Amino acid sequence: MSLTSLAKRFESLAATASVGGRMLLGLDTNPVPADWTHITKIDPEGEKKLPLLFPVYLAQTSAVSVGGSQDVTEQNTEETFALLADSGTPAFHEPSEASHVTETTRDMADFLAVPEVLNGDSNALVGTLGKGLEYVRNDLGPSMLEDKIGLSIGGLFDSRAGDFAAGMMMQEAVFEAYIIMNLDSAAAREANVTEDNLLSPQEAKERALAAQHHLESEIIYLEYSGTFGEDEAVEILEKIDDAVSWSRIWYGGGLDNRRDVNRVLDAGADAAVVGDVFHRVAEVEAELFEQARGELDAETGREAIEAWVTDAVDVADTDAGRYLSTIPDVTQPEQRATEYLAESLAFALAVEEIADGLSDPTAADIERAVSEASLPGRETVANVSGADAGLVDRVATGLLSAHFDVSSEDQTAARHLAVEL
C-alpha cells in the first residue's frame with residue numbers, strides 16, 4: 001500500500017473514530033471545557049480599561065476572551081495578553097483580524113477562537129477565514145516554524161511549509177459559529193446581517209445543526225451585542241439546546257444582572273458572556289478615586305474605606321456590583337464589590353503617596369520605591385486569584401512611570417487602566 005493510501009486510510013479511520021466517540025459513545029471530545037459557565041470579554045482598544053486589581057475580578061469568571069473590532073492592534077493585543085499572563089485565569093484569543101495573531105499571542109493564549117457568522121454574508125463565513133489563512137500561510141506560519149527550528153525552511157519545502165503551518169493552526173483552533181441578532185451592532189454591520197438574515201428559533205436550530213455536524217464548530221454563539229434578547233433569545237437557546245450535543249452553546253449581549261444570566265443558562269446556554277460591564281468597573285474606580293483623594297489618604301484603614309465606599313455609591317448599582325452579579329457562583333456580589341472597590345482605592349492611595357515622595361525619579365528609583373512600599377492588593381490578589389503578587393507591583397510601577405513620564409517596561413500597563421495619579 002502506498003504512503004498516500006495509508007494517509008487516506010488513517011484520516012478516514014480517525015474521522016470515523018472521532019464522530020463515533022462524540023455521537024455514539026457520548027464522549028466529550030470538545031476542547032472547550034464543559035465547566036466554563038461565565039466568559040469575560042476583554043477588548044484591547046485604548047478606550048476599554050481594566051480595573052486596577054483586575055485579577056480579583058477575573059478570578060470569579062471561568063475564562064477570558066481577548067479581542068475587539070475597533071482600534072485593536074497587534075501591539076495592544078500583545079500588551080493585554082502580557083497583563084493577563086499572570087492573572088491565574090485562562091485566556092484565549094478571539095481576533096477580529098488575522099494580523100492581530102502573532103507568535104507572542106499564540107504562545108500566551110490557551111487557544112485561538114475563529115469566528116464564523118452563520119447568518120451573515122459569505123465573506124463573514126469563509127471570506128474572512130480565507131484572508132486569515134493566506135496571512136498564516138504566507139507570513140506568520142513560515143516565520144513561526146523558522147523560529148522554532150532555527151533555520152529558513154522556504155527553500156526546503158517551498159509553499160508547503162506555509163500550508164503545513166496553516167493546517168496545524170486550524171487543527172488547533174476553536175471555531176465559534178455566530179448567530180447575530182442585533183442589527184444595530186458593529187458585529188451585524190461587519191457581517192452584513194440585515195433584517196432578512198434574522199433567524200426564527202427553528203431556523204437558528206437548523207443552522208446550529210449544520211454548525212455542529214458539518215462545520216464541526218466547537219462553540220455556537222448567540223450574539224445580541226450589547227442588548228438583552230429577552231424571550232426571543234430564550235426561545236432560540238431552547239431550540240439550539242434541543243438540537244446539539246457536542247458543541248458548546250454561548251450567549252452574549254446585554255448581560256449585567258443575575259436574573260438575565262440565569263434565564264439564558266436555564267434555557268440551555270452552557271456559558272454567559274459579558275464584556276462592557278467589566279470594562280465599566282474601571283470607570284467606577286476612576287470616579288471614586290477622584291472623590292476619595294480629597295477625603296482619604298494612604299493611612300485610612302480598610303474598614304473606613306469600605307464605609308466611605310458604601311456612603312459614596314449604591315454598590316449594588318455600580319458596574320462592579322453588576323459584573324459580579326452576572327457570575328452565579330459568586331455569593332453576596334454586593335459585599336464582594338465593596339471589598340474589591342475598597343482594596344483598589346487603598347492601592348491607588350498608596351501609589352499616590354509613593355508619587356508624593358518622589359522627585360524627578362529614574363525608572364530604578366520608581367522600582368525601588370514600589371518594592372519597599374507596603375502596597376495594599378498584593379495579598380488579596382495572591383489569595384483571591386492565585387495570581388503572581390508581582391503583578392500588583394508592575395501595575396504600581398506602570399502608574400508611576402506614566403505619571404513621571406519615565407520610560408519603563410511596565411509603563412504600558414498604565415495605558416490599559418482608567419485611574420491616573
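Preceding this section is the structure that the text describes.
Fair warning: this is a prediction, and the values are worked out from it, not measured in the lab.

Undergrad: I'm lost on the overall build of the chain in this one. Help?
TA: Along its length, the chain carries 19 helices and eight strands. Per-residue burial over the chain gives 49% buried out of 421 residues. The contacts in the chain between residues at least 6 apart in sequence include a share of 72% that link residues at least 24 apart. Counting every atom, the chain has about 19300 Å² of accessible surface; 47% of that belongs to carbon and sulfur.

Undergrad: Looking at this model, I keep getting lost on helix α17 (residues 378–385). Mind explaining?
TA: Spacing of three or four residues puts side chains on the same side of an α-helix, whose turn is 3.6 residues. When α17 is considered as a whole, its buried residues turn out to be T380, V381 and S385. Buried residues of α17, viewed axially, fall in a sector of 95°; they line one side. Away from its buried face by more than 90 degrees, α17 exposes E379 and N383. Tucked inside the fold, the buried residues of α17 contact α2 (54–58), α15 (333–356) and α18 (390–403). Among the residues trailing α17, G386 stands out with phi positive, at a value near 75°.

Undergrad: Explain the side chain of H93 to me, please; I cannot follow it from the model alone.
TA: By the element assignment, H93 lies in strand β3 (residues 91–93). Judged by relative accessible area, which is 2%, H93 ranks as buried. Once residues lying within four places of it in the same chain are set aside, the contact partners of H93 are V66, T77, F81, H100, V101, T105, A109, F111, L112 and A113.

Undergrad: I would appreciate a short explanation of the packing of helix α9 (residues 201–213) against helix α10 (residues 230–243) in the present structure.
TA: Their axes nearest at 8 Å, the elements α9 and α10 cross at an angle of 35°. Considering the relative orientation of α9 and α10, their crossing is right-handed. Along its contact with α9, which presents P201, Q202, A204, K205, A208, L209 and Q212, the element α10 presents E235, I236, K239, I240, D242 and A243. By residue class, the composition of the contact of α9 with α10 is seven nonpolar, two polar and four charged.

Undergrad: Would you explain the sheet that holds β3 in this entry?
TA: Strand-to-strand pairing in sheets goes through backbone hydrogen bonds, with the strands running parallel or antiparallel. The strand order across the open sheet built from eight strands is β3-β2-β1-β8-β7-β6-β5-β4, with neighbouring strands paired in parallel fashion. Unpaired on one side and paired on the other, β3 and β4 (113–117) mark the two borders of the sheet. Across the sheet, the mean angle from the axis of one strand to that of its neighbour is 30°, orientation sign disregarded. The pairing of strand β1 (residues 38–42) with strand β8 (residues 271–274) spans three bridges and is parallel. In the sheet register, T40 faces β8, and the bridge partner there is V274.

Undergrad: How do you make sense of the environment of T105 when you look at a structure like this?
TA: Tracing the backbone through its elements, the reader meets T105 in helix α4 (residues 103–108). T105 gets classed as buried once you look at its relative accessible area, which sits at 1%. Sequence separation between T105 and H93 is 12 residues, and the spatial gap between their C-alpha atoms is 7.5 Å. For T105, the contacting residues outside a window of four places in its chain are T77, E78, F81, H93 and H100. Polar side-chain contacts of T105 include one of 2.9 Å to the backbone nitrogen of T102.

Undergrad: Would you mind showing me how to read a negative patch on the surface here?
TA: Judged by side-chain charge, E232, E235, E238 and D241 come together as a negatively charged surface patch. Structurally, E238 is set in helix α10. Owing to a relative accessible area of 43%, E238 belongs among the partly exposed residues under this scheme.

Undergrad: Sorry, what's going on with helix α16 (residues 363–372) here?
TA: Within the sequence span of α16, burial applies to I366, A369 and V370. One side of α16 holds all its buried residues, which, seen down the axis, span an arc of 95°. The secondary structure elements touched by the buried residues of α16 are α15, α17 and α18.

Undergrad: Any chance you could explain the pattern of salt bridges here in plain terms?
TA: Pairing between side chains of opposite charge can happen when their charged atoms approach one another. Going through the model one piece at a time under the given rule, you end up with 17 salt bridges. Note that K48 and D276 form a salt bridge whose closest N and O atoms lie 3.8 Å from each other. With a gap of 228 residues between them, K48 in the loop between β1 and α2 and D276 in helix α12 (residues 276–292) connect regions that are remote in the sequence. According to the relative accessible area criterion, K48 is partly exposed, its value standing at 25%. Across the pair R263 and E230 runs a salt bridge, and its minimum N-O distance is 3.3 Å.

Rules of the game
Residues numbered from 1 in each chain as written. Predicted model: local features only at pLDDT ≥ 70, side-chain atom pairs only at ≥ 80, totals over all residues. Heavy atoms only, no water. Helix = DSSP H or I, 4+ residues; strand = E, 2+ residues; numbered from the N terminus. Buried < 20%, exposed > 50% of the residue type's maximum accessible area, 1.4 Å probe, protein only. Contact = heavy atoms within 4.5 Å. Areas by Shrake-Rupley, 256 points an atom, 1.4 Å probe, with all protein chains shown as cover. Arc of directions from axis to C-beta. Axes fitted to C-alpha atoms, helices over the stretch in contact; angles between N-to-C directions. Left-handed = near helix turned anticlockwise from the far one by under 90°. Nonpolar A, V, L, I, M, F, W, Y, C, P; charged D, E, K, R; others polar. Pairing = 2+ DSSP bridges. Polar contact = N/O pair within 3.5 Å; in protein donor to acceptor, adjacent residues only side chain to side chain. Patch = residues over 30% accessible without salt bridge, like charges linked within 9 Å, V, L, I, M, F, W, Y side chains within 5 Å. Salt bridge = Lys/Arg side-chain N within 4 Å of Asp/Glu carboxyl O. Lys, Arg positive; Asp, Glu negative; His and termini not counted. Charge placed at Lys NZ, Arg CZ, Asp CG, Glu CD.

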